[in-house]
Amino acid sequence: MNKSIVVVDCDDPQLAEEICSALADYTEVEAVLPSHPSAQAAHYASCWFPHPELLTHCPNLKLVQAASAGVDHLPEALFTSDVPLCRVVDDNFRHGMFEYALWGVLHFQRYFDRAIHNQQQKRWQLYAQRPSHAFRVGIMGLGEIGSYLASQFASLGYPVSGWARSEKTLAGVDCFAGPDQLDAFCHNLDVLINVLPLTAQTRGILGTPLLNRLPQGTALINCGRGDHMVNHEVIAALDSGQLGGAVIDVFPIEPLPKDDPMWTHPNVIVTPHMASSAQVSVIVSQLIDNIARVEQHRPLRNHVDKHHGY
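Just so we're clear, the structure is a prediction, and the values are computed from it rather than from any experiment. Sequence order as written defines residue numbering, which begins from 1 separately in each chain. Only residues with pLDDT of 70 or above have their local features reported here, since the model is predicted, and side-chain atom pairs are shown and tallied only from 80 upward, although totals for entire chains, interfaces and linings are computed over all residues. Side-chain numbers here rest on the full set of heavy atoms in the structure, without hydrogens or water.

Q: Teacher, can you tell me more about the overall build of the chain here?
A: Labels follow the DSSP assignment, with helices taken as runs of H or I lasting at least four residues and strands as runs of E lasting at least two, numbered in each case from the N terminus. Scanning the chain for helices and strands turns up 10 helices and 12 strands. We compute the radius of gyration from the C-alpha atoms alone; for a globule the expected value is 2.2 Å times N to the 0.38, where N is the number of residues. For the chain, the C-alpha radius of gyration of 21 Å lies close to 19 Å, the compact-globule estimate for 310 residues. Based on the C-alpha atoms only, the size of the chain along its principal axes is roughly 70 × 40 × 30 Å. Per-residue accessibility, obtained with a 1.4 Å probe over protein chains only, is compared with the maximum for each type, and a residue is labelled buried under 20%, exposed over 50%, and partly exposed between these values. By the burial criterion, 49% of the 310 residues in the chain qualify as buried.

Q: I'm lost on the layout of surface pockets in this one. Help?
A: Unfilled space is identified by rolling a water-sized probe across the atoms. Cavities and pockets are defined on a 1 Å grid built over the protein atoms alone: a cavity is a set of grid points where a 1.4 Å probe fits but cannot escape, while a pocket is an open set with protein on both sides within 12 Å along at least five of seven lines, and lining residues are those with an atom within 4 Å of any such point. Grid points are joined across faces, edges and corners, and a volume is the space filled by probe spheres set on the points. Reported here for the second largest pocket is a volume of approximately 410 Å³. As for the second largest pocket, its lining consists of 26 residues, of which Phe108, Asp113, Arg114, Gly244 and Gly245 are closest to the centre. Among the elements of the structure, helix 4 (91–109), helix 5 (112–120), strand 10 (218–222), strand 11 (243–248) and strand 12 (268–270) are those that each provide at least two residues to the lining of the second largest pocket. Among the elements that take part in the lining of the second largest pocket, helix 5 stands out by supplying five residues, more than any other.

Q: Quick question: what am I supposed to make of the sheet that holds strand 1 (residues 4–10) here?
A: In sheet architecture, strand pairing relies on hydrogen bonds along the backbone and comes in two forms, parallel and antiparallel. Judged by pairing direction, the sheet is parallel, and its five strands sit side by side in the order 2-1-3-4-5 without closing on themselves. Two strands in the sheet have a free side with no partner beyond their single neighbour: strand 2 (29–32) and strand 5 (85–86). At least two DSSP bridges between two strands are required for those strands to pair. Two strands pair when backbone bridges link them, and strand 1 and strand 3 (residues 44–48) are joined in this way by five bridges, in the parallel orientation. Its bridge partner being in strand 3, Val7 is matched across the sheet by Ala45. Sitting on the sheet, helix 1 (residues 13–23) touches strand 1, strand 2 and strand 3, and the angle it makes with strand 1 is about 160 degrees. The contact criterion used throughout is that any non-hydrogen atoms of two residues lie within 4.5 Å. To get an axis, fit a line to the C-alpha atoms, keeping to the stretch in contact for a helix; angles then go from 0 to 180 degrees between the N-to-C directions.

Q: Help me understand the packing of helix 4 against helix 5 in this model?
A: Two measures define how a pair of helices packs: the angle their axes make with one another and the distance between the axes. At a minimum axis separation of 5 Å, helix 4 and helix 5 run at an interaxial angle of 65 degrees. Contact residues: Leu106, His107 and Phe108 in helix 4; Phe112, Asp113 and Ile116 in helix 5. Split into classes, the residues belonging to the contact of helix 4 with helix 5 amount to four nonpolar, one polar and one charged. Note that Gly is not counted as nonpolar here; it falls among the polar residues with everything else outside the nonpolar set of Ala, Val, Leu, Ile, Met, Phe, Trp, Tyr, Cys and Pro and the charged set of Asp, Glu, Lys and Arg.

Q: Got a minute to help me understand the nonpolar core in this structure?
A: Buried together is how nonpolar side chains tend to be arranged in soluble globular proteins. We call a set of buried Ala, Val, Leu, Ile, Met, Phe, Trp, Tyr and Cys residues a nonpolar core when their side-chain atoms join them within 4.5 Å. Ile19, Ile139, Leu149, Phe153 and Ile193 are the most contacted members of the largest nonpolar core, which has 54 residues in total. Top element by residues in this core is helix 10 (residues 280–295). It accounts for eight residues. Filtering out sequence-adjacent residues up to four positions away, Ile19 remains in contact with Val8, Cys10, Ser46, Ala67, Val280, Ile283 and Val284. With 27 residues, the next largest nonpolar core counts Leu210, Ile235, Leu238 and Leu243 among its residues.

Q: Sorry if this is basic, but what is going on with the pattern of salt bridges here?
A: A side chain of one charge can pair with a side chain of the opposite charge when the charged atoms of the two come close. A pair is scored as a salt bridge if a Lys or Arg side-chain nitrogen falls within 4 Å of a carboxyl oxygen belonging to Asp or Glu. Applying the stated criterion across every chain yields a total of eight salt bridges. Between Asp72 and Arg225 there is a salt bridge; the shortest N-O distance is 2.5 Å. In this pair, Asp72 sits in the loop between strand 4 (63–66) and helix 3 (76–79) while Arg225 sits in the loop between strand 10 and helix 9 (231–240), placing the two residues 153 residues apart along the sequence. Across the salt bridge formed by Arg213 and Asp183, the nearest N and O atoms sit 3.0 Å from each other. Taken together, the residues Arg213 in the loop between helix 8 (208–211) and strand 10 and Asp183 in helix 7 (residues 182–186) connect sequence positions 30 residues apart. We classify Arg213 as partly exposed; its relative accessible area is 34%.

Q: I keep staring at the state of the cysteines and nothing clicks. Help me out?
A: Think of a disulfide as a covalent bridge from one cysteine sulfur atom to another cysteine sulfur atom. Cysteine sulfurs are considered disulfide-paired once they come within 2.5 Å of each other. The final tally for this structure, using the stated rule, is zero disulfides. Residue Cys20 stays outside any disulfide, its sulfur separated by 7.9 Å from that of Cys10, the closest cysteine. The thiol sulfur of Cys58 is not disulfide-bonded, and the nearest other cysteine sulfur, from Cys47, lies at 8.0 Å. The exposure class of Cys58 is buried, given its relative accessible area of 5%.

Q: Hey, could you run me through the environment of Val88 in this one?
A: Mapped onto the fold, Val88 is located in the loop between strand 5 and helix 4. Among the residues examined, Val88 registers a relative accessible area of 2% and is labelled buried. Taking the C-alpha atoms as reference, Val88 lies 7.4 Å from Ala278; in sequence the two are 190 residues apart. Those residues in contact with Val88 that sit more than four places away from it in its chain are Gln65, Ala66, Ala67, Ser68, Ala69, Ala278, Val282, Ile283 and Gln286.

What follows is the structure, given as structure tokens:
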């Protein structure tokens, strides 16, 4: 029986090595890097920021599987091609995102941001404790991850609002949808958490028009995509006090350039795209499952709607 060739095209050599190593446990496939002579004959690809000419280099692909929950790092040509595209959905990944978001929420709710500033000034100052039921959480994006975050925060007693492109219904969450309901979503928040997918409609959404809709002093947590932010407008909102602070994990340019003002802004915490990541074992097992589904002409798992971008 001939093995199916899987090209592992990642701009992170360590991730590529880990995926190839994990695929070695499956006798039905052969994992190769893009430089391997067999890559051109590959029918399957596992990708994280692959070469822009992926489809040219590998013209026989039957499936591209992103090694992530998001797919905005993939070449534009893929979205206009007939090659099916899938992503990874990992329960541990979404819980990791919740842990990161919870840390960010507690940072502002419990005034840890002020405590850090006060420590630098050797100032001993107490602040009244705010309970969870008095701290209003807003979540932009109610897909697999956002819905999980919203439900988890609601279960902890936070008043939770959610906004998405289309209508959603979640127990314990006030749900808003579409541009016409964005004002209503924004007007009553203490913290805004962004986990939207990156699409043409959401690119640059974290800019002045939206930020000015928030109550003054609202905190921002961005663990969606860097291109959701208009960086200089976020900084302007922080400088004016319209934003009370920000925890930012993703940036338009990564690694974040050393001269970027985000690094040194007193009201910003920068983290290096670490909110959560899918386990390699999950990436590989879902890829193997989808390869079998292609071969057996069955529906794919976590199939991406290329028109919507998620």
